[in-house]
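Now for the letters of each chain:
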Amino acid sequence: HSKSLGQNTYCFFQASMSANAQQQLQLLHDLRMAMERREFVLHYQAKVDAHSGIITGAEALLRWHHPVRGLVFPDEFIPAAEKNGMIVQIGEWVLGEACRQLCIWHEKGHRDKSVAVNLSGLQFGHTGLVQAVCDVLQRNNLDPRHLTLEVTETVAMRDADASILILQQLNDTGIRIAIDDFGTGYSSLLYLKRLPAHELKIDRGFVRELPHSTEDAAIVSAILALGHTLNLKVVAEGVETVAQQQFLTGLGCDSLQGYLFGRPMPPDQFLEMLTPS
Ligand code: C2E
Ligand code: MG
Ligand code: MG
Ligand code: MG
């Protein structure tokens, strides 16, 4: 009896596995088609200097114009693209496209603007990354300090010794490095001290309930003190209200990002935002 139950269980398991595998295969196919059909687009969200209010540049955020599903957000396909490896190819496209866009801003006279690009964990560990960065800088004739790569705290700390080596090589190219979603991982302060980074981005989970949450206010103050001690610029994500803006600026945040200053938007719209009428 137990054997037949085992067999049934096995069959059920196998059936569900193949359904899942089939789904994964379909998505892999869809992602490849999306690359070919140029269905990916980048939207740009302003990063603002906290004290002057000036837009210093933008973070590029990936979207997928799916022919059936409409605009698909990264959380819905990046984990899968990471699993099947497509993220490396997609990520290279993102890097190239964001730099191409940056050149357009510079050509239109916005010569001091910067762009930030998110890296996935797989891309971060990929051996071709540093070369890809050098290539894109050279191809677009860009000053490296106008490009920031954002890597999440979790990815940066997964294999901290390996990360330090990669970040060091990236750092040597002259680009800037931001530690994204800071505060959500488990950073060892010893490693954080050794990370060649330029920027800490406070996760928006700590910003949401400001200014009234005393816990979040204490956490943000601590991150600011830590970041500034380590000579890092500190950026707050997810700033939605004037009260949050004033509070964070008062605490000494260097840059702010959030719906208050602008949602992620198509490149043309962002360019209009840069050009005061
Ligand atoms: P992230 O890098 O931390 O980006 C910030 C996310 O917060 C974005 O979501 C942005 O639209 C959203 N956001 C910005 N301001 C506000 C605000 O004031 N309120 C709220 N509620 N949300 C705000 P999005 O675009 O859905 O991206 C989600 C995540 O997907 C990103 O988090 C990043 O980790 C990843 N991602 C986006 N583009 C790329 C990419 O090109 N490559 C890789 N590997 N990951 C990407
Ligand atoms: Mg980011
Ligand atoms: Mg973030
Ligand atoms: Mg995030």
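Residues numbered from 1 in each chain as written. Chains lettered and ligands numbered in written order. Predicted model: local features only at pLDDT ≥ 70, side-chain atom pairs only at ≥ 80, totals over all residues. Heavy atoms only, no water.

- The protein chain carries the name Diguanylate cyclase/phosphodiesterase in an unreviewed UniProt entry, which gives Pollutimonas subterranea as its organism.

## Some thoughts on the packing of aromatic side chains
Here comes step 1: Considering all chains together, one arrives at seven aromatic pairs under this definition.
Here comes step 2: For the pair F40 and F77, a centre-to-centre distance of 5.8 Å together with 35° between the ring planes defines the contact as tilted. With F40 in strand β1 (residues 40–49) and F77 in helix α2 (residues 74–83), this residue pair connects regions lying 37 residues apart in the sequence.
Here comes step 3: F77 sits in the buried class, given a relative accessible area of 1%.
Here comes step 4: Taken together, F40, W64, F77 and W93 form an aromatic cluster joined through their ring pairs.
Here comes step 5: Above the face of the Y259 ring, R263 is positioned so that its terminal group lies 3.8 Å from the ring centre. (Phe/Tyr/Trp six-rings, centres within 6.5 Å; stacked < 30°, edge-to-face > 60°. Helix = DSSP H or I, 4+ residues; strand = E, 2+ residues; numbered from the N terminus. Buried < 20%, exposed > 50% of the residue type's maximum accessible area, 1.4 Å probe, protein only. Lys NZ or Arg CZ within 6 Å of the ring centre and 35° of its normal.)

## Here we look at the coordination of the magnesium ion (ligand 2)
Here comes step 1: Summarising the metal site, the magnesium ion (ligand 2) is bound by the protein donors E59 (OE), N118 (OD1), E150 (OE) and D180 (OD), whose distances to it range over 2.0 to 2.2 Å.
Here comes step 2: Taken in chain order, the donor set of the magnesium ion (ligand 2) reads E-x58-N-x31-E-x29-D.
Here comes step 3: Here the magnesium ion (ligand 2) and the magnesium ion (ligand 3) are spaced 4.2 Å apart, and both take D180 as a donor. Here E59 is found in strand β2 (residues 55–66), whereas its partner N118 is found in strand β4 (residues 114–118), with 59 residues between them in sequence. (Donors = N, O, S within 2.8 Å, 3.2 Å for Na, K, Ca; no water.)

## Points about the layout of surface pockets
Here comes step 1: By volume, the largest pocket is sized at about 1,200 Å³.
Here comes step 2: Lining of the largest pocket is provided by 40 residues; of these, E59, L61, P74, D75 and N118 occupy positions nearest its centre.
Here comes step 3: Taken together, the elements giving at least two residues each to the lining of the largest pocket come down to β1, β2, α2, α3 (86–107), α4 (121–125), β5 (147–152) and β6 (176–182).
Here comes step 4: Of the residues belonging to the lining of the largest pocket, the class tally is 16 nonpolar, eleven polar and 13 charged.
Here comes step 5: Counted as a void, the second largest pocket has a volume near 410 Å³.
Here comes step 6: Of all the secondary-structure elements, those providing two or more residues to the lining of the second largest pocket are β1, β2, β4 and β8 (233–236).
Here comes step 7: In terms of residue class, the lining of the second largest pocket is made up of six nonpolar, six polar and nine charged. (1 Å grid on protein atoms, 1.4 Å probe; cavity = no way out; pocket = protein on both sides within 12 Å on 5 of 7 lines; lining within 4 Å. Points joined across faces, edges and corners; volume = space filled by probe spheres on them. Nonpolar A, V, L, I, M, F, W, Y, C, P; charged D, E, K, R; others polar.)

## Let's talk about the site of ligand 1
Here comes step 1: Lining the immediate surroundings of ligand 1 are 24 residues, of which R63, D180, R204, E240 and Y259 lie closest.
Here comes step 2: Within the side chain of N118, a nitrogen or oxygen atom sits 2.9 Å from an oxygen atom of ligand 1.
Here comes step 3: Taking D181, its side chain carries an N or O atom lying 3.1 Å from an oxygen atom of ligand 1.
Here comes step 4: In the complex, the protein chains occlude 86% of the 800 Å² of accessible area that ligand 1 would expose alone.
Here comes step 5: In this structure, ligand 1 is accommodated by the largest pocket.
Here comes step 6: For the shell around ligand 1, the elements supplying multiple residues, two or more each, are β2, α2 and β6.
Here comes step 7: Take the shell around ligand 1: its biggest share by element is four residues, from β2.
Here comes step 8: Taken together, the residues of the shell around ligand 1 break down into ten nonpolar, five polar and nine charged. (Near = heavy atom within 4 Å. Polar contact = N/O pair within 3.5 Å; in protein donor to acceptor, adjacent residues only side chain to side chain. Areas by Shrake-Rupley, 256 points an atom, 1.4 Å probe, with all protein chains shown as cover. Sits in = over half its atoms within 2 Å of the grid points.)

## Remarks on the nonpolar core
Here comes step 1: Counting residues in each nonpolar core, the largest one holds 80 residues, and the members touching the most others are L147 and L170.
Here comes step 2: Here the element with the most residues in this core is α3; it accounts for eleven residues.
Here comes step 3: Those residues in contact with L170 that lie beyond four places of it in its chain are F124, L129, V130, V133, L149, I175 and I177. (Core = buried A, V, L, I, M, F, W, Y, C linked by side-chain atoms within 4.5 Å. Contact = heavy atoms within 4.5 Å.)

## Some words on the side chain of H106
Here comes step 1: Here H106 is to be found in helix α3.
Here comes step 2: The class of H106 is buried, set by a relative accessible area of 10%.
Here comes step 3: Only 2.9 Å separates the side chain of H106 from the backbone oxygen of K113, close enough to count as a polar contact.
Here comes step 4: In contact with H106, other than residues within four places in its own chain, are R111, K113, L142 and H146.

## Here's the deal with the pattern of salt bridges
Here comes step 1: All told, the structure shown has twelve salt bridges when counted by the stated rule.
Here comes step 2: As a salt-bridge pair, E39 and R37 come within 3.6 Å of each other at their nearest N and O atoms.
Here comes step 3: Here D143 and R145 are joined by a salt bridge, their closest N and O atoms 2.9 Å apart.
Here comes step 4: On the basis of relative accessibility, which here comes to 33%, the residue D143 falls in the partly exposed class.
Here comes step 5: Several salt bridges converge on common partners, so that one network encompasses K47, E59, E150, R176, E199, K201 and E237. (Salt bridge = Lys/Arg side-chain N within 4 Å of Asp/Glu carboxyl O.)

## Overview of the packing of helix α5 (residues 129–139) against helix α7 (residues 160–172)
Here comes step 1: The contact between α5 and α7 brings their axes to 10 Å, and the two run at 15°. As judged from the angle between their axes, α5 and α7 are roughly parallel. Crossing handedness for the pair α5 and α7: right-handed. From α5, L129, V130 and V133 reach across to α7, where they touch I166, Q169 and L170.
Here comes step 2: The class makeup of the residues in the contact of α5 with α7 is five nonpolar, one polar and no charged. (Axes fitted to C-alpha atoms, helices over the stretch in contact; angles between N-to-C directions. Parallel < 35°, antiparallel > 145°, perpendicular 65-115°, else oblique. Left-handed = near helix turned anticlockwise from the far one by under 90°.)

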